[in-house]
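# Topology and contacts: notes
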Amino acid sequence: MAEIDLFHYSPVPSPLKNLDPRIKFSLLLLYTVLIYQVHTWGLVLLTAIATILFFSGKPSLKHLLFRGKGILILGILIYFATYGAEKNTITALLSVLRFVTTVLLGMCLISTTLPEEIEKAVYWFLKPLPFISASVIATRIRLTFMFIPDLMETAEKIKEARISRCIQRERNPFKKMTTLIIPLLSSVIERAEVTAFAMEARCYTDKKHYTLKHLTLKDYAAAAVGLGAAGLSILL
Amino acid sequence: MHFFNQKTMALLEVVHLSKSFPGGTEALKDVSFLVGEGEFLVISGKNGSGKSVLMRHLNGLYKPDEGKVLYRGTPIFKDILMVRQKIGMVFQNSSSQIVSQTVGKDVAFGPENLHINAVEQNKRTNKALEDVGLLDKIDHNTRTLSGGEKRRLAIAGILAMNPEIIILDEPFSNLDFPGVQQVLRQILFLHKKGHTIICITHELDKVLYHADRLILMDKGSIVCDNIPGKILIKAPQYGIRIPGNIEKEPPLLILERMSWLK
Ligand SMILES: Nc1ncnc2c1ncn2[C@@H]1O[C@H](COP(=O)(O)OP(=O)(O)OP(=O)(O)O)[C@@H](O)[C@H]1O
Ligand SMILES: [Mg+2]
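Parameters and conventions
- Residues numbered from 1 in each chain as written.
- Chains lettered and ligands numbered in written order.
- Predicted model: local features only at pLDDT ≥ 70, side-chain atom pairs only at ≥ 80, totals over all residues.
- Heavy atoms only, no water.
- Helix = DSSP H or I, 4+ residues; strand = E, 2+ residues; numbered from the N terminus.
- Rg over C-alpha atoms; globule rule 2.2 N^0.38 Å.
- Contact = heavy atoms within 4.5 Å.
- Areas by Shrake-Rupley, 256 points an atom, 1.4 Å probe, with all protein chains shown as cover.
- Lys, Arg positive; Asp, Glu negative; His and termini not counted.
- Charge placed at Lys NZ, Arg CZ, Asp CG, Glu CD.
- Near = heavy atom within 4 Å.
- Polar contact = N/O pair within 3.5 Å; in protein donor to acceptor, adjacent residues only side chain to side chain.
- Nonpolar A, V, L, I, M, F, W, Y, C, P; charged D, E, K, R; others polar.
- Buried area = accessible area lost by both parts, 1.4 Å probe.
- Salt bridge = Lys/Arg side-chain N within 4 Å of Asp/Glu carboxyl O.
- Donors = N, O, S within 2.8 Å, 3.2 Å for Na, K, Ca; no water.
- Buried < 20%, exposed > 50% of the residue type's maximum accessible area, 1.4 Å probe, protein only.
- Domains from an automatic or database assignment.
- Pairing = 2+ DSSP bridges.
- Phe/Tyr/Trp six-rings, centres within 6.5 Å; stacked < 30°, edge-to-face > 60°.
- Lys NZ or Arg CZ within 6 Å of the ring centre and 35° of its normal.
- Axes fitted to C-alpha atoms, helices over the stretch in contact; angles between N-to-C directions.

With that out of the way, let us pick up the overall build of chain B. Secondary structure assignment for chain B yields nine helices and ten strands. Taken against the 2.2 N^0.38 rule, which gives 18 Å for 262 residues, the C-alpha radius of gyration of chain B at 18 Å falls within 12% of a compact globule. Along the three orthogonal principal directions, the C-alpha set of chain B runs to about 55 × 40 × 40 Å. Sequence-distant contacts in chain B: of pairs separated by 6 or more residues, those separated by 24 or more amount to 66%. As displayed, chain B has an accessible area near 11000 Å², and 51% of this comes from carbon and sulfur atoms. For chain B, the centre of its 33 positive side-chain charges and the centre of its 28 negative side-chain charges are spaced 0 Å apart.

Attention now goes to the site of ligand 1. All names here are of chain B. Near ligand 1 there are 14 residues, and of these Asn47, Gly48, Lys51, Ser52 and Val53 occur at the shortest range. At 3.0 Å from an oxygen atom of ligand 1 is found a side-chain nitrogen or oxygen belonging to glutamine 92. Its free accessible area being 640 Å², ligand 1 has 65% of it covered by the protein chains. Considering every element that reaches the shell around ligand 1, the biggest residue donor is helix α1 (residues 51-58), with three residues. Among the residues making up the shell around ligand 1, the classes are represented as four nonpolar, seven polar and three charged.

A separate point is the interface of chain A and chain B. Counting residues at the interface gives 29 residues for chain A, matched by 31 residues for chain B. Both faces considered, chain A and chain B share a buried interface measuring about 2800 Å² in area, 59% of it formed by carbon and sulfur atoms. Remark: the boundary between chain A and chain B carries three salt bridges. A salt bridge links B:Lys105 to A:Glu117, with the nearest nitrogen and oxygen atoms 4.0 Å apart. Elements with a minimum of two residues in the side of chain A that touches chain B: α5 (115-126), α6 (134-164) and α7 (173-201) of chain A. Per-element tally for the side of chain A that touches chain B: the top contributor is α7(A), with eight residues. In terms of residue class, the side of chain A that touches chain B is built from 15 nonpolar, four polar and ten charged.

Turning our eyes to something else, we now look at the coordination of the magnesium ion (ligand 2). Residues and elements named next belong to chain B. Those protein atoms acting as donors to the magnesium ion (ligand 2) are Ser52 (OG) and Gln92 (OE1), and they sit at 1.9 to 2.6 Å. Here glutamine 92 lies in the loop between β6 (87-90) and α3 (103-113) and serine 52 lies in helix α1, a separation of 40 residues in the sequence. Residue classification places glutamine 92 among the partly exposed residues on the basis of a relative accessible area of 39%.

What follows is about the domain arrangement of chain A. With domains assigned, chain A is organised as domain 1 (1-113 + 213-236) and domain 2 (134-205). Measuring from the centre of the C-alpha atoms in domain 1 of chain A to the corresponding centre in domain 2 of chain A gives 26 Å.

Attention now moves to the sheet that holds strand β5 (residues 74-75) of chain B. All names here are of chain B. Here we have four strands laid out as an open sheet, ordered β2-β1-β4-β5, and antiparallel in their pairing. This sheet does not close on itself; its edge strands, each paired only once, are β2 (26-35) and β5. As paired elements, strand β4 (residues 66-71) and β5 share two bridges and run antiparallel to each other. Within β5, the position partnered with tyrosine 71 by the bridge is threonine 74.

Here we come to the packing of aromatic side chains. Counted by the stated rule, this structure contains nine aromatic pairs over all chains. Seen from their ring centres, B:Phe177 and B:Trp260 are 5.4 Å apart, and the 55° between their planes marks the pair as tilted. Of this pair, B:Phe177 sits in helix α6 (residues 177-192) while B:Trp260 sits in the segment after α9 (251-256), and the two are 83 residues apart along the sequence. Residue B:Phe177 is classed as partly exposed on the basis of its relative accessible area, which comes to 46%. Of the residues examined, B:Trp260 reaches a relative accessible area of 24% and is grouped as partly exposed. One aromatic cluster in this structure is built from A:Phe25, A:Trp124 and A:Phe125. Sitting over the ring of B:Phe77, B:Lys63 keeps its end group 5.0 Å from the ring centre.

Looking at the secondary structure, you find A:Ile52 in helix α2 (residues 40-56). Taking C-alpha positions, A:Ile52 is 39 Å from A:Val194, a pair spaced 142 residues apart along the chain.

This paragraph deals with the sheet that holds strand β3 (residues 40-44) of chain B. Residues and elements named next belong to chain B. Spatially, the six strands line up as an open sheet ordered β6-β7-β8-β3-β9-β10, and their pairing is mixed. Strand pairing shows two members of the sheet lacking a second neighbour, β6 and β10 (221-226), which therefore form its edges. Between one strand and the next, the sheet's axes are offset by a mean angle of 15°, whatever the strand orientation. Relative to strand β8 (residues 196-200), β3 is paired through four bridges, and the arrangement is parallel.

Residues and elements named next belong to chain B. Of all the five residues making up strand β7 (residues 165-169), five are buried; the element is thus mostly covered by neighbouring parts of the structure. Alternating residues of β7 divide into Ile165, Ile167 and Asp169 and Ile166 and Leu168, and every residue in both groups is buried. The pairing of β6 with β7 spans four bridges and is parallel. Bridging across to β7, valine 90 finds its partner in leucine 168. Alignment of β7 against β8, held across five bridges, turns out to be parallel. Bridge pairing links isoleucine 167 to isoleucine 198 in β8.

With that settled, the discussion passes to the side chain of A:Thr113. All names here are of chain A. The residue threonine 113 is located in the loop between α4 (89-112) and α5 in this model. A relative accessible area of 3% places threonine 113 in the buried class. Side-chain polar atoms of threonine 113 contact the side chain of lysine 24, separated by 3.1 Å. Among the polar contacts listed, one links the side chain of threonine 113 to the backbone oxygen of leucine 109, at a separation of 2.7 Å. With sequence-adjacent residues up to four places away left out, threonine 113 is seen in contact with Tyr9, Pro21, Lys24 and Ile118.

Here is the structure:
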């Protein structure tokens, strides 16, 4: 039985769940840009917002620890990389904060929005653009979101298989990498191929209809609050 | 049990199908057979004999190098979307077949593609899930299902399109004893309801007792095509294990053992 992951739609009710995916998506984009533009206190505000939203989804402690480890390691790497370049503790800490906030916001979207909803939102944004097939891109994005947990599960299995064949004794880091990446890629490609066939067998074509709900008062209110906070973070 | 009478019109006609892959693998060599309405056909053969490649030709996922497939007398590529509705496929790896996050949405995926209205979509989804016994899990996350449940979900996704023919590729692989029983019961139920069943498997001991007919494949060709009792004797020479000693026991006695529902 697969466990529900942080990088995955969570069954726990959350205030963000009832929000229209288009609003969530636009705010996420806006905030992601702002994270890298605003000054210190603006960033602190955005981090606070991201943290509150993230914990309002009641993430499971077990997965928090499990995934937190990886994020922590990346954070430390980013710290030293920035510190090496800028020789300034505060700047280095801020770039870690930027990274963590980005991850938190991403997880807020993924854990409260079904991939189908993300697909619809992407379609809605891309539809007015000429020369691209909005439905094809939207479907690919949906499938990518669905693949993420699978990918992690597969990587975990491959890691175990490597450990049981004593990969630790291998000194060559290049070989260490390839023995993970090549099986991972081939399994992803194989899975994607079968999925594509299975979709075609169920009459999937590029011409797809999407039914999006109308925006409600709640959506507009949320958008206004979100924009207000964004404005505040710029002024701070 | 009935054996398809070749004089009545065939539901599906496979005519001189050949297929090679780049690199020189001849996956299918001049394969021909007919499938009659309401038949329960088992296709067997060892690993790499071409079963899955054959199946992908039956609803046009692969294009043959030579030959053709006819559905009710018309080449399938004339109206491929209609054919794909009529010929449902459950793939070898059922978790790759799941395209949605929740059970209900996954079943609705096919009807959605057919642009059926929402009310009818819901009706079909509920009916299909009821048929496979998963209605109580309609809102569950697809990733949390067991192997047997995933396979039944894949079947429900097909049922929601109202198919005539249901093709299942290795429907018993990776399942435990109760899992096999569940899926087998499901298949028999669908056959009884009038669906034509094509079950592709090398695990003959699980299902053959219920089949009307058996096709054995080897190296991309059909080597036998007859009622199970008549060709059981040849199965071991094509790498398929059967539960008994075919030299000492009558085939029908062995056939009696070939069901995991017994
Ligand atoms: N996409 C492909 N490209 C190249 N060769 C292929 C491809 N698909 C199948 N083959 C080859 O065609 C042959 C038949 O494969 P197929 O998958 O139909 O076997 P199978 O009878 O389903 O076996 P199994 O019991 O393992 O599922 C094999 O030799 C396989 O390597
Ligand atoms: Mg196969």
